[in-house]
Amino acid sequence: MKTDCPNNNPQLLEECIDRYLLNRMSPDEKADYEKTMSTDPALKQQVRIQQQLIRHLRANENASLKKWLQNTVQSSRSPIIIQKRAWKWVLPIAALLVMALMVTLLIPHFTQEKNAEQSFTQLAPVPQNYLSLDLRGIDSHSLFNMGMKFYEKGNYDEAMVCFNKMDDWEAVDANGIFYIGLTAMLVKDFQKAIQAFDSVRGQDFYFREYLPIYDGIMQMELGNYAKAEESLQQVSDGNGKFAPLAKELLSKLPPKD
Amino acid sequence: MKEYKKLYPRLKAGDYFALVEIRNRHQKAFVRFIESRYQFRQDQIEDAFTDALIVLLNNVQYGKLGEKLSSSLKTYLFSVGRFLLLQEHRKRKEFIFDNLDHYFPERSVDPYTDDESSLELDQLKASFKKLSPPCQELLRKFYYQGYSYEEIVESLDYASIESARSQRYNCMQTLKKLIKKEL
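Residues numbered from 1 in each chain as written. Chains lettered and ligands numbered in written order. Predicted model: local features only at pLDDT ≥ 70, side-chain atom pairs only at ≥ 80, totals over all residues. Heavy atoms only, no water.

**Student:** Talk me through the overall build of chain A; I want residue IDs and the actual numbers.
**Tutor:** The secondary structure content of chain A amounts to twelve helices and zero strands. When each of the 257 residues of chain A is scored for burial, the buried share is 42%. Long-range contacts, defined here as pairs at least 24 residues apart, represent 53% of the contacts in chain A between residues at least 6 apart. Carbon and sulfur atoms make up 54% of the accessible area of chain A, which amounts to about 14500 Å² in all. (Helix = DSSP H or I, 4+ residues; strand = E, 2+ residues; numbered from the N terminus. Buried < 20%, exposed > 50% of the residue type's maximum accessible area, 1.4 Å probe, protein only. Contact = heavy atoms within 4.5 Å. Areas by Shrake-Rupley, 256 points an atom, 1.4 Å probe, with all protein chains shown as cover.)

Right under this line is the structure:
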């Protein structure tokens, strides 16, 4: 079988290379193409360059996905992965655990004063002074960068403290505001999240893919089931990557009266 | 095997939250499994498991894994994760996903591995960021998520397959020019 790959049309030539590299050729077509390449050094070189580009594009995306996964899973606060019914139990249990931890920390404080500070330092997951940082006089852009550093480490509360201190959001671009909204959503400050997402709506393909599912989840968390249904239905009908999740969430909405 | 079969359509569609669910289900057991046999830190083990999840996603999206797995999802992830941990010190992280040939039974031998070109990941990363968001999204869907032109037309609202094809070509040309500037 001969491949239909004219080398006088750059676009068609590149499409052929893509089909070869993305395994979209039949075995016969592929064998034929490899035979052509073996006698055409220029084509071989073009395939090499395209192959490297694709590898790097994929590696770049994998690195972004890994970062996202690490942030999402480490926070364990995402409203997406905690079902509504389970959440009702998580809060009281978490409160009990916090109280138990406080008692554990306070008893040695009263009994062994010398060792108390050291014990707390060892047990505290983040340096204790983060939330009381004096952020006065720091410009919005620097506050945003500081917040993003906390965000990248999964310290969303601290990130939000920095973002809340920003005088205005004009110091950052739409992508930055999107991350402020995302952080607000993760710390369950839904009003702030909605405000941020509304201000970047329609500005980027990237946002267009994420915002409707976030809207649905937040409206669900706020108990606005009609609005949640509207957003989730839109995602579900769109057949994008979040459609299966939207369908699953739609099935969890309480029945209408 | 039922678990994988159920998750397969979501992985194929690029639903990253499916990975979060898998992680929540199996990562703790993986940490225990590794800790009982090797001396790695917990963060290293978790990091390897995250990489294993991405390998799984890549293999599904690029068609290297079909609807059926020969083992359970857990066994597959544990094997990949352990392999990645043991290779950690030998390979550069950025290319780890391309060096797992023995997990890709359908993958043919690549006759052009003697790559002499000097493009670095950082150069690509910097240039890719400079592309317009629609171009980034189009290239991401086509090359990373393995979308066909038909699927791209549907998901990104292009007028026709022809316009999606010419837009992909234009975006790649722009990217190549940007990379040349970076070099």
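**Student:** Which residues make up the overall build of chain B, and what values do they have?
**Tutor:** On a plain count of helices and strands, chain B comes out with eight helices and zero strands. The N-to-C order of helical and strand elements in chain B reads α-α-α-α-α-α-α-α. Counting over 183 residues, chain B shows a buried share of 50%. Restricting the contact set of chain B to residue pairs at least 6 apart, pairs at least 24 apart contribute 63%. For chain B, the exposed area adds up to about 9300 Å²; of that, 50% sits on carbon and sulfur atoms.

**Student:** How would you sum up the nonpolar core? Please name residues and give values.
**Tutor:** Across soluble globular proteins, nonpolar side chains show a tendency to be buried alongside one another. Leu65, Ile213 and Tyr214 of chain A together with Leu11, Leu56 and Leu77 of chain B are the most contacted members of the largest nonpolar core, which has 83 residues in total. Once residues lying within four places of it in the same chain are set aside, the contact partners of Tyr214 of chain A are Phe178, Leu182, Met185 and Phe197 of chain A. Ile17 and Ile54 of chain A together with Phe142 and Ala164 of chain B belong to the second largest nonpolar core, which has 35 residues in total. (Core = buried A, V, L, I, M, F, W, Y, C linked by side-chain atoms within 4.5 Å.)

**Student:** Go over helix H2 (residues 16-35) of chain B, please, and point to the residues and values.
**Tutor:** Within an α-helix, residues lying three or four positions from one another point in the same direction, as the helix has 3.6 residues per turn. For H2 of chain B, spanning 20 residues, the distance from its first C-alpha to its last is 27 Å, which sits close to the expected 28 Å at 1.5 Å a residue. For H2 of chain B, the N-terminal cap is Asp15 of chain B; the gap from its side-chain oxygen to the backbone nitrogen of Phe17 of chain B is 3.0 Å. (Expected span 1.5 Å × (residues − 1). Polar contact = N/O pair within 3.5 Å; in protein donor to acceptor, adjacent residues only side chain to side chain.)

**Student:** Let's hear about the packing of helix H6 (residues 133-144) of chain B against helix H7 (residues 149-156) of chain B: which residues, and what values?
**Tutor:** Residue and element names in this part refer to chain B. Close contact between H6 and H7 brings their axes to 10 Å; oriented N to C, the two are set at 140 degrees. The orientation of H6 relative to H7 falls into the category oblique. In the packing of H6 onto H7, the handedness of the crossing is right-handed. Only Tyr149, Ile152, Ser155 and Leu156 of H7 make contact with H6, whose side of the interface consists of Glu137, Leu138, Lys141 and Phe142. (Axes fitted to C-alpha atoms, helices over the stretch in contact; angles between N-to-C directions. Parallel < 35°, antiparallel > 145°, perpendicular 65-115°, else oblique. Left-handed = near helix turned anticlockwise from the far one by under 90°.)

**Student:** Lay out the packing of aromatic side chains with the relevant residues and their values.
**Tutor:** For any two aromatic rings, the description comes down to two numbers: the centre-to-centre distance and the angle of the planes. For the structure shown, the criterion picks out 22 aromatic pairs over all chains. Relative to Phe78 of chain B, the ring of Phe30 of chain B has its centre 5.3 Å away and its plane inclined at 65 degrees; by these criteria the two rings are edge-to-face. Taken together, the residues Phe30 of chain B in helix H2 and Phe78 of chain B in helix H4 (residues 73-87) connect sequence positions 48 residues apart. Overall, the relative accessible area of 11% leaves Phe78 of chain B in the buried class. The interplanar angle of 90 degrees and the centroid separation of 4.9 Å between the aromatic rings of Phe142 of chain B and Tyr143 of chain B together place this pair among those described as edge-to-face. Accessibility classification places Phe142 of chain B together with Tyr143 of chain B in one group, the buried group. Taken together, the aromatic side chains of Trp68, Tyr151, Tyr156, Phe178, Tyr179, Phe197, Tyr210, Tyr214 and Phe242 of chain A together with Tyr16 and Phe17 of chain B make up a single cluster linked through ring pairs. (Phe/Tyr/Trp six-rings, centres within 6.5 Å; stacked < 30°, edge-to-face > 60°.)

**Student:** Tell me about the pattern of salt bridges, residues and numbers included.
**Tutor:** Per the counting criterion, the structure on display carries 21 salt bridges over all chains. For the salt bridge of Asp51 of chain B with Lys66 of chain A, the shortest nitrogen-to-oxygen distance reads 2.9 Å. Of this pair, Asp51 of chain B sits in helix H3 (residues 42-61) while Lys66 of chain A sits in helix H3 (residues 41-75), each in a different chain. Of the two residues examined, Asp51 of chain B and Lys66 of chain A, each falls in the buried class. As a salt-bridge pair, Arg41 of chain B and Asp43 of chain B come within 2.9 Å of each other at their nearest N and O atoms. Here Asp43 of chain B falls in the partly exposed class, since its relative accessible area comes to 44%. Through salt bridges with shared partners, a single ionic network connects Glu248 and Lys252 of chain A together with Glu3, Arg10, Asp15, Glu21 and Arg25 of chain B. (Salt bridge = Lys/Arg side-chain N within 4 Å of Asp/Glu carboxyl O.)

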